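One letter stands for each residue in the lines below.
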Amino acid sequence: MEMTREQALQWRKEVKQNKQNTIDKMTDWLVKDYEKRTGQKPTYIEAL
């Protein structure tokens, strides 16, 4: 299946957005897990 340039750019944009959404969800989960384990808010470095 061939894609036009516009379709390829749209697909790339969607993939990038999905990746960012996944990273955001995982970060939220890790922050909540860290707070639950330690009772402290994580710093930026500790969250990642």
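Notes on the structure in this doc start here. (Residues numbered from 1 in each chain as written. Predicted model: local features only at pLDDT ≥ 70, side-chain atom pairs only at ≥ 80, totals over all residues. Heavy atoms only, no water.)

Re the overall build of the chain
When its secondary structure is counted, the chain shows two helices and zero strands. Sorting the 48 residues of the chain into buried and exposed places 6% on the buried side. For the chain, the exposed area adds up to about 4900 Å²; of that, 55% sits on carbon and sulfur atoms. (Helix = DSSP H or I, 4+ residues; strand = E, 2+ residues; numbered from the N terminus. Buried < 20%, exposed > 50% of the residue type's maximum accessible area, 1.4 Å probe, protein only. Areas by Shrake-Rupley, 256 points an atom, 1.4 Å probe, with all protein chains shown as cover.)

Structural notes on a nonpolar patch on the surface
On the surface, M1, M3, W11 and V15 cluster together to form a nonpolar patch covering roughly 520 Å² of accessible area. Of the residues examined, M3 reaches a relative accessible area of 42% and is grouped as partly exposed. (Patch = residues over 30% accessible without salt bridge, like charges linked within 9 Å, V, L, I, M, F, W, Y side chains within 5 Å. Salt bridge = Lys/Arg side-chain N within 4 Å of Asp/Glu carboxyl O.)

Here we look at the pattern of salt bridges
A side chain of one charge can pair with a side chain of the opposite charge when the charged atoms of the two come close. Under the counting rule described, the total for this entry stands at two salt bridges. With its nearest N and O atoms 3.2 Å apart, the salt bridge here joins R37 to D33. Placement of both R37 and D33 in helix 1 (residues 5-38) is noted, with a separation of four residues, approximately one turn of the helix. Residue D33 is classed as partly exposed on the basis of its relative accessible area of 27%. For the salt bridge of E35 with K41, the shortest nitrogen-to-oxygen distance reads 3.4 Å.

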